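# Commentary on secondary and tertiary structure
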Amino acid sequence: MRLDVTDLKVDYHNIAALKGISFTVPDGAFITMIGSNGAGKSTTLRTISGLVKPSAGTISVDGERIDRAAADKIVAMGISHVPEGRRVFKDLTVIENLYLGAFIYKDQDRIDRDLDEVYSHFPRLRERSSQQARTLSGGEQQMLSIGRALMSRPKVLLLDEPSLGLAPLVVQEIGEILQEINKNGVTVILVEQNADLALRLVDYGYVLENGRIIMSDKAENLANNDHVRKAYLGV
Amino acid sequence: MDLFIQTIVNGIIQSGFYALASIGLVLVFGVMRVVNFAHGELVMVGAYTVWLVHAQHGAPYLFTVVLAIILVTGIGLVMERFLFRPMMNDPLGGLICSIGVLFILQVIATYVGGEGPSKQVPPPFEGTMVIMDSIRIPYQRLFSICVSAAALVTLWYFLTRSTLGWAVRAVSMDREAAALQGISTVRISMVAIGVGAAMAGLAGALMAPLTNINPHMGHNVIITAFIVTIVGGIGSLPGAVIAAVLYALFHTFVTTYFSGTIATISGLLIMVLVLIVRPTGIMGHRVSE
Ligand SMILES: Nc1ncnc2c1ncn2[C@@H]1O[C@H](COP(=O)(O)OP(=O)(O)OP(=O)(O)O)[C@@H](O)[C@H]1O
Ligand SMILES: [Mg+2]
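This is a predicted model, so every value here is computed, not measured. (Residues numbered from 1 in each chain as written. Chains lettered and ligands numbered in written order. Predicted model: local features only at pLDDT ≥ 70, side-chain atom pairs only at ≥ 80, totals over all residues. Heavy atoms only, no water.)

### Quick notes on the packing of helix H2 (residues 39–56) of chain B against helix H8 (residues 185–207) of chain B
Residues and elements named next belong to chain B. We count it as follows: Every axis corresponds to a line fitted to the C-alpha atoms, with the helix fit spanning only the stretch in contact, and the corresponding angles, defined between N-to-C directions, vary from 0 to 180 degrees. Here a helix means four or more residues in a row that DSSP labels H or I, a strand means two or more in a row labelled E, and each is numbered from the N terminus. Throughout this description, any angle smaller than 35 degrees is read as roughly parallel, any larger than 145 degrees as roughly antiparallel, any in the 65 to 115 degree range as roughly perpendicular, and the remainder as oblique. Here a crossing is taken to be left-handed if its near helix is turned anticlockwise relative to the far helix by less than a right angle, and right-handed if that turn runs clockwise. In this analysis, two residues are considered to be in contact whenever any of their non-hydrogen atoms come within 4.5 Å of each other. The residue classification treats Ala, Val, Leu, Ile, Met, Phe, Trp, Tyr, Cys and Pro as nonpolar and Asp, Glu, Lys and Arg as charged. All others, Gly included, are polar.
Running from N to C, H2 and H8 cross one another at 50 degrees; their axes reach a closest spacing of 7 Å. Accordingly, the angle class assigned to the pair H2 and H8 is oblique. Note that H2 runs across H8; the crossing there is right-handed. Across from His39, Leu42, Val43, Gly46, Ala47 and Val50 in H2, the residues of H8 making contact are Gly196, Ala197, Ala200, Gly201, Ala203, Gly204 and Ala205. Of the residues contributing to the contact of H2 with H8, the split by class is eight nonpolar, five polar and no charged.

Here's what the structure looks like:
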């Protein structure tokens, strides 16, 4: 599914968080949006998924406007958001969290097949299926958050800093799974501060600073760009 | 010794009612983050329904129990639609509106039933079960504890075994994350207040033959529900049920051996103590991060 964002503006109590950003994500692409703290990365994703209402601009998927729809309706349009900080339902078990990811569906056979597929991506979730989510490690909670999003059969998957606070090995593992998910035809938008990781995974990237897109290019060009190298890759 | 055992039995009977009456307050607070001060009056309306339709007009008791549930659920849904939903981002506004509803329902009850002494409903189930010559359980109380227990077990299954029940708990844990799963928070709010009000109506209807019915009977209910909710852990449903049982036992003992007033005052003191020592309640988890 193709995503078009045009001149998107978001204000929080008159303070501009997004000052008019435009970008297009073609069907099946894997893109990243990098930027430092407060650049507006989360705001961008939260506006796409309907948690925040824009003050101006449009968002559409395959030509259909979604910027006025409520968050719970946007999920049904095929957009799934893995929020910053994982936000799993801690008092529920792993499998209950995953079933809630499929809340909008009633076809139990298909839901259970999806569950199997999530478990094949994340075998550790299967082992812990009846454990309360609060007892999972940070990495496992991140896997659960991604697995929960996959249960809604997304055509576009939004991920907000999935690598935050995780060990390099787990980050590596999650990165590979995201590539797999993308190869299965899902359009993926990855927001990261970990630019090094993000630019290795994706085809195309955007650099966000102070609520504006200041640069966009193929991932390998960004990785070689002087500004990006200094500001985001620490070299 | 007989008095001791009888008190335990009375306490257990009382606990079902406390749990039923409190659960709605917990559910609504958990899902909507608003304190419904009119919750005690929902119980009162349930009791009045039985008094008016059964005791005054002779309709069968069980029919009026069902009627009370339907009526009070309806009031709850109307409150959600016209007060809590518009006040969604204003918990204080929701609370003030619910106090308004409290007075309105009291005035309606006074209008319908008149001033004057509290009303009594003769127990539809007569007779008393006697166990081992000394422990006495009136059939009316036996009926009320069985129905309360059945209602609570059903609610428990709903919350722990059904997808809709998980969704209710998900909304009370994290509204935004729930919305991202396609869960409509408005729909879940209706479920929460509907279920909570139904339980309140049932509690009122079960209590009607066992208590004094007057327009102000909701006060005791809301105090009890507050204590149970805070001791159990705000938003923790299992905690509320456990706290209801413990508090009912405690309250019955203190009432039997001292007085009802002392029981309520010490209950409030325990609540304050819990707030100081363990603000998340006996079952609540510490807020992490
Ligand atoms: N709920 C809010 N109320 C007010 N201001 C907000 C709110 N959420 C975000 N902001 C502000 O909007 C700007 C963009 O925030 P955003 O969370 O989108 O940044 P980010 O790029 O995701 O940063 P980080 O990497 O730290 O997560 C910041 O200046 C932030 O302070
Ligand atoms: Mg962020």
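Now that the structure has been shown, we can carry on.
### Describing the packing of helix H3 (residues 94–101) of chain A against helix H6 (residues 138–150) of chain A
Residue and element names in this part refer to chain A. Relative to each other, H3 and H6 sit at 35 degrees, their axes nearing to 7 Å. You can see that H3 and H6 cross each other, and the crossing is right-handed. Seen from H3, the contacting residues are Val94, Asn97, Leu98 and Gly101; seen from H6, they are Leu144, Gly147 and Arg148. A breakdown of the residues in the contact of H3 with H6 according to their chemical character gives three nonpolar, three polar and one charged.

### So, the site of ligand 1
Residue and element names in this part refer to chain A. Quick reminder of the rule: Nearness is judged by heavy atoms alone; a residue qualifies as near a molecule or strand once a single heavy atom is within 4 Å of it. Under the rule applied, a polar contact is a pair of N or O atoms within 3.5 Å (in protein, one hydrogen donor and one hydrogen acceptor; residues adjacent in sequence only if both atoms are side-chain atoms). Using a 1.4 Å probe, accessible areas were evaluated by the Shrake-Rupley method; residue-level cover was limited to the displayed protein chains.
Among the 13 residues in the neighbourhood of ligand 1, the closest are listed as Asn37, Gly38, Lys41, Ser42 and Thr43. With respect to ligand 1, the side chain of Asn37 contributes an N or O atom lying 2.7 Å from an oxygen atom. Within the contact set of ligand 1, an oxygen atom lies 3.0 Å away from a backbone nitrogen or oxygen of Gly40. Notes on ligand 1: free accessible area 630 Å², of which the protein chains cover 61%. When grouped by side-chain class, the residues that make up the shell around ligand 1 number three nonpolar, seven polar and three charged.

### Topic: the sheet that holds strand E6 (residues 79–82) of chain A
Residues and elements named next belong to chain A. We apply this condition: Think of it this way: DSSP has to see at least two bridges between two strands before they count as a pair.
Ordered in space as E6-E7-E8-E3-E9-E10, the six strands form an open sheet in which the pairing is mixed. A single partner strand is all that each edge strand has here, and the edge strands are E6 and strand E10 (212–218). Averaged over all pairs of adjacent strands, the angle between their axes in this sheet comes to 15 degrees, without regard to strand direction. Direction of pairing for strand E3 (residues 30–34) relative to strand E8 (residues 187–192): parallel, over a ladder of five bridges. Pairing of Thr32 across the sheet is with Leu190, part of E8. Across the sheet, helix H1 (residues 41–48) is in contact with E3, E6, strand E7 (156–160), E8 and strand E9 (204–209); its angle to E7 comes to roughly 150 degrees. Across the sheet, H6 is in contact with E6 and E7; its angle to E6 comes to roughly 170 degrees.

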